[in-house]
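Spelled out from the first residue to the last, the chains are:
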Amino acid sequence: MVDSDTPLVLLPAFPFDGRMWGAVADGLAGPVIAPDPRGFGRPVGDDEPDLDLLAADVVALLDERGLDRVVLGGCSMGGYVALAVLRTAPERVGGLVLIDTKPTADPPPAKQNRAAMAERAEREGVDGWLMADMLPLLLGPTTVEERPEVVETVRDLTAGLSPEGVAWAQRAMAARPDSSEALAAAEIPVLVLHGEQDAIIPVEAARATADLLRRGELVLFGESGHLPPLEVPAECAAAIMTWWESKVTATP
Ligand code: MLT
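Attention in this report is confined to the structure presented alongside it. Note that this is a predicted model, so its numbers are computed, not measured.

**Looking at the state of the cysteines**
Now for step 1: For the structure shown, the criterion picks out zero disulfides.
Now for step 2: Free cysteine: Cys 75, not disulfide-bonded; nearest cysteine sulfur from Cys 236 at 7.7 Å.
Now for step 3: With a relative accessible area of 0%, Cys 75 lands in the buried category.
Now for step 4: For Cys 236, a relative accessible area of 0% puts it in the buried group.

**Looking at the site of the ligand**
Now for step 1: Lining the immediate environment of the ligand, one finds Ala 13, Phe 14, Ser 76, Met 77, Tyr 80, Arg 114, Met 173 and His 226.
Now for step 2: A distance of 2.7 Å separates an oxygen atom of the ligand from a polar atom in the side chain of His 226.
Now for step 3: Of the residues assigned to the shell around the ligand, the class counts are five nonpolar, two polar and one charged.

**Quick word on the environment of Val 219**
Now for step 1: With respect to the helices and strands, Val 219 occurs in strand 6 (residues 216-221).
Now for step 2: With 171 residues separating them along the chain, Val 219 and Glu 48 place their C-alpha atoms 36 Å apart.
Now for step 3: Contacts of Val 219, omitting those with residues within four sequence positions, involve Leu 191, Val 192, Leu 193, His 194 and Ala 239.

**A short note on the pairing of strand 4 (residues 93-99)**
Now for step 1: Burial analysis of strand 4 places seven of its seven residues in the buried class, which makes it a mostly covered element.
Now for step 2: Sheet topology places strand 3 (residues 70-75) next to strand 4; six bridges connect them, and they run parallel. Residue pairing across strands places Leu 72 opposite Leu 96, the latter belonging to strand 4.
Now for step 3: Where the polypeptide runs from strand 3 across helix 3 (residues 77-88) and back to strand 4, its parallel neighbour, the crossover connection is right-handed.
Now for step 4: Examined bridge by bridge, strand 4 and strand 5 (residues 190-195) share four bridges and lie parallel to one another. What sits directly across from Val 97, in strand 5, is Leu 191.

**A look at the packing of helix 4 (residues 108-124) against helix 5 (residues 129-138)**
The relative placement of two packed helices is expressed as an angle between their axes plus a distance between the axes.
Now for step 1: Put simply, helix 4 and helix 5 touch, their axes get as near as 11 Å, and they point 145° apart. Facing Met 117, Arg 120, Ala 121 and Glu 124 of helix 4, the residues of helix 5 in contact are Trp 129, Leu 130 and Asp 133.
Now for step 2: Of the residues that constitute the contact of helix 4 with helix 5, the class distribution is four nonpolar, no polar and three charged.

**Regarding the pairing of strand 5**
Now for step 1: Counting buried residues along strand 5, six of its six residues qualify, which places the element largely inside the surrounding structure.
Now for step 2: What you see with strand 5 is no split at all: Val 190, Val 192 and His 194 on one side and Leu 191, Leu 193 and Gly 195 on the other are buried throughout.
Now for step 3: Note that strand 5 and strand 6 share six bridges and pair parallel. Its bridge partner lying in strand 6, Val 190 is registered against Gly 216.
Now for step 4: Where the polypeptide runs from strand 5 across helix 10 (residues 203-212) and back to strand 6, its parallel neighbour, the crossover connection is right-handed.

Reading the values: the criteria
Residues numbered from 1 in each chain as written. Predicted model: local features only at pLDDT ≥ 70, side-chain atom pairs only at ≥ 80, totals over all residues. Heavy atoms only, no water. Disulfide = S-S within 2.5 Å. Buried < 20%, exposed > 50% of the residue type's maximum accessible area, 1.4 Å probe, protein only. Near = heavy atom within 4 Å. Polar contact = N/O pair within 3.5 Å; in protein donor to acceptor, adjacent residues only side chain to side chain. Nonpolar A, V, L, I, M, F, W, Y, C, P; charged D, E, K, R; others polar. Helix = DSSP H or I, 4+ residues; strand = E, 2+ residues; numbered from the N terminus. Contact = heavy atoms within 4.5 Å. Pairing = 2+ DSSP bridges. Right-handed = clockwise from strand over helix to strand, strands pointing away. Axes fitted to C-alpha atoms, helices over the stretch in contact; angles between N-to-C directions.

Printed below as a string of C-alpha cells:
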C-alpha cells in the first residue's frame, strides 16, 4: 500500500548525481531517497551500458531497505530509468513523477549523437567541452538571464565528471527501448512535470505522455528549461506535494 509514509525515490538527469534533488527535497514533507546512479558519484563497473541495470540497481536498493513499493520520480535520464523499473518490476512502483522526460526510444540521429559524445568523452575526457555544449540546452533562457546562481550550481554539480560514466550513460540511453506500452497500461497515479522552455525534450512530448496515461496529471512550468528540480525547485516540490496529497495517498 502507498501512503504518506511511502518514500519518494528521486533519480537524477544526465550528467548529475543525487545531489541535484537537494533543493526539491527541502520542500517535500515525506521521506526522500536520492541515490547516485553508477557512473555519477559511484563507479561505473564492467557491465555493458544498459539502463535496465540502473533500474536493477534501484530495485536492489529497495530490497536492501526493505521497501516493497515506492513512488519513483525521475528527471530526464532518471525518468528513463524510472520507466525501466516500471517495465521490469512494476510491482515495486506505486506512483511515478516524470520530469522533462519521455517514454519513447531515440530516433537514429539521436543515437548517432550519443555515440559521438561517448567516443569524444573516451578520447578527450569531458573537461571544457561537455558542459559548454550542454549548459545552453539544459537551462531555460529565464534561468540563464535571471538566476545566475543556478548556472553556478549546475557547474558545481557537474565538476569532475567521469568520462567513463558519461560514455556509459550515453550508450545506455541510446539502447533504451520504448516504454510507452508499459506506461499506458499502468493503473498507478502519474505526475508529469515539464519546463516549457525545455530545449532538449520539447513540451509537446509531455503533452503526448499525459495523453497516454490512465491516471495522469500534467503541470507545466513556464519559466523553466530542462531541469525544473534545479531551476524552479520550490514550484517542483509544491506540485509534487499537491499531487501526493490528492492522488497518491488516495490510492487504495
Ligand atoms: C538528461 O537530461 O538526462 C539527458 O539530457 C537526457 C537525454 O539526453 O535524452
